[in-house]
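Per-entry structural report
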Amino acid sequence: MDPVPPPSLRRTPVQQRSAERLARILDACAELLDETGYEQLSTRAVAVRAGVPIGSVYRFFGNKRAMAAALAQRNLDRYAERISARLAAAGHVDAYGAIDGVLDEYIAMKRTVPGFALVDFGVPAPPTDEGSGEDPNLLVADRLCGLLVAHLGRTTDDVLRRKVLVGVEAADALLQLAFRTDPSGDPELVAETRELLYAYLAPSLT
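Notes on the structure follow. (Residues numbered from 1 in each chain as written. Predicted model: local features only at pLDDT ≥ 70, side-chain atom pairs only at ≥ 80, totals over all residues. Heavy atoms only, no water.)

On to the pattern of salt bridges. In this structure the tally under the stated criterion is 11 salt bridges. Across the salt bridge formed by Glu 105 and Arg 82, the nearest N and O atoms sit 2.8 Å from each other. Here Glu 105, found in helix α5 (residues 95-112), pairs with Arg 82, found in helix α4 (residues 64-90); they are 23 residues apart in sequence, far enough to count as distant. The exposure class assigned to Glu 105 is buried, which follows from its relative accessible area of 12%. The salt bridge involving Arg 86 is made with Asp 104; its shortest N-O contact spans 3.2 Å. (Salt bridge = Lys/Arg side-chain N within 4 Å of Asp/Glu carboxyl O. Helix = DSSP H or I, 4+ residues; strand = E, 2+ residues; numbered from the N terminus. Buried < 20%, exposed > 50% of the residue type's maximum accessible area, 1.4 Å probe, protein only.)

And the structure:
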């Protein structure tokens with residue numbers, strides 16, 4: 001799937017140099033999220049870490065929330081890319097194998113991608129008067145539904161969309177618990193999450 005430009009982005013980079021600067025800003029944002037948390041994050045600190053003028057940050061983002069929202073969108077794009085690549089490399093997989101891919105890639109990103117623990121696909125802060133945007137889990141569910149039906153060769157409908165959304169919400173809550181229990185993800189709770197998705201979602205994907 002083609003990446004969707006984040007709605008929080010003031011200006012979409014056209015030149016390669018500008019795109020690279022935006023990537024450095026988001027990389028710096030992710031690193032600082034791990035080091036300081038969201039509350040202590042500042043646009044100035046991101047500019048210093050990225051090695052760019054503060055004006056370059058404001059050229060793309062109005063505030064730190066918009067910057068974190070763009071990072072969340074990039075995370076979702078990369079998550080979708082990882083799932084697509086995994087399913088393509090695996091060739092024919094059934095619904096259970098597809099669920100494994102969705103779950104395992106999320107856990108791998110949770111363990112290894114900077115900033116992902118705090119900003120996976122949404123911003124850990126209340127919305128401002130600028131608007132909250134769409135619920136992150138709705139975005140995730142919509143993206144996953146498209147990926148799964150394309151790979152499994154079935155059609156989508158409102159029932160399947162609802163099933164995938166419920167699966168995303170349930171997995172989100174359980175995986176939050178798993179990573180609160182163990183920074184690497186409690187293996188027993190991860191296993192329970194997998195079993196829940198197998199039982200609830202797999203029949204709708206076959």
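Across all of its chains, the model carries seven aromatic pairs by this definition. With a centroid separation of 5.9 Å and 50 degrees between ring planes, the pair formed by Tyr 106 and Phe 121 is classed as tilted. Here Tyr 106, found in helix α5, pairs with Phe 121, found in the loop between α5 and α6 (136-152); they are 15 residues apart in sequence, far enough to count as distant. Taken as a pair, Tyr 106 and Phe 121 share a single burial class, namely buried. Seen in terms of ring centroids, Phe 116 and Phe 121 are 5.4 Å apart; in terms of plane orientation they differ by 85 degrees. Their pairing is edge-to-face. Phe 121 shares its class with Phe 116; the two are buried. Put simply, the rings of Tyr 79, Tyr 106, Phe 116 and Phe 121 touch in pairs and so form one group of aromatic residues. For Lys 110, the ring lying beneath its charged end belongs to Phe 179, and the centroid distance is 5.6 Å. (Phe/Tyr/Trp six-rings, centres within 6.5 Å; stacked < 30°, edge-to-face > 60°. Lys NZ or Arg CZ within 6 Å of the ring centre and 35° of its normal.)

The subject of this paragraph is the packing of helix α1 (residues 16-36) against α4. Running from N to C, α1 and α4 cross one another at 100 degrees; their axes reach a closest spacing of 10 Å. By the criterion of interaxial angle, the relationship of α1 to α4 is roughly perpendicular. Across the interface between the two elements, Ala 23, Ile 25, Leu 26, Asp 27, Cys 29, Ala 30 and Leu 33 of α1 pack against Met 67, Ala 70, Leu 71 and Arg 74 of α4. The residue makeup of the contact of α1 with α4, split by class, is nine nonpolar, no polar and two charged. (Axes fitted to C-alpha atoms, helices over the stretch in contact; angles between N-to-C directions. Parallel < 35°, antiparallel > 145°, perpendicular 65-115°, else oblique. Contact = heavy atoms within 4.5 Å. Nonpolar A, V, L, I, M, F, W, Y, C, P; charged D, E, K, R; others polar.)

With 19 residues, helix α8 (residues 187-205) extends 25 Å from end C-alpha to end C-alpha; this agrees with the ideal 27 Å at 1.5 Å per step. Maximum bend of α8: about 35 degrees, positioned at Tyr 198. Listed as buried for α8 are Val 190, Thr 193, Arg 194, Leu 197, Tyr 198, Leu 201, Ala 202, Ser 204 and Leu 205. Taken together, the buried residues of α8 touch α5, α6 and α7 (158-181). (Expected span 1.5 Å × (residues − 1). Bend = angle between axes of the 7 residues up to and from the residue.)

One finds Tyr 79, Ile 83, Ile 99, Phe 121, Leu 144, Val 164 and Leu 205 to be the most contacted residues of the largest nonpolar core, which totals 36 residues. For this core, the elements supplying multiple residues, two or more each, are α4, α5, α6, α7 and α8. Looking at this core element by element, the count peaks at eight residues for α5. (Core = buried A, V, L, I, M, F, W, Y, C linked by side-chain atoms within 4.5 Å.)

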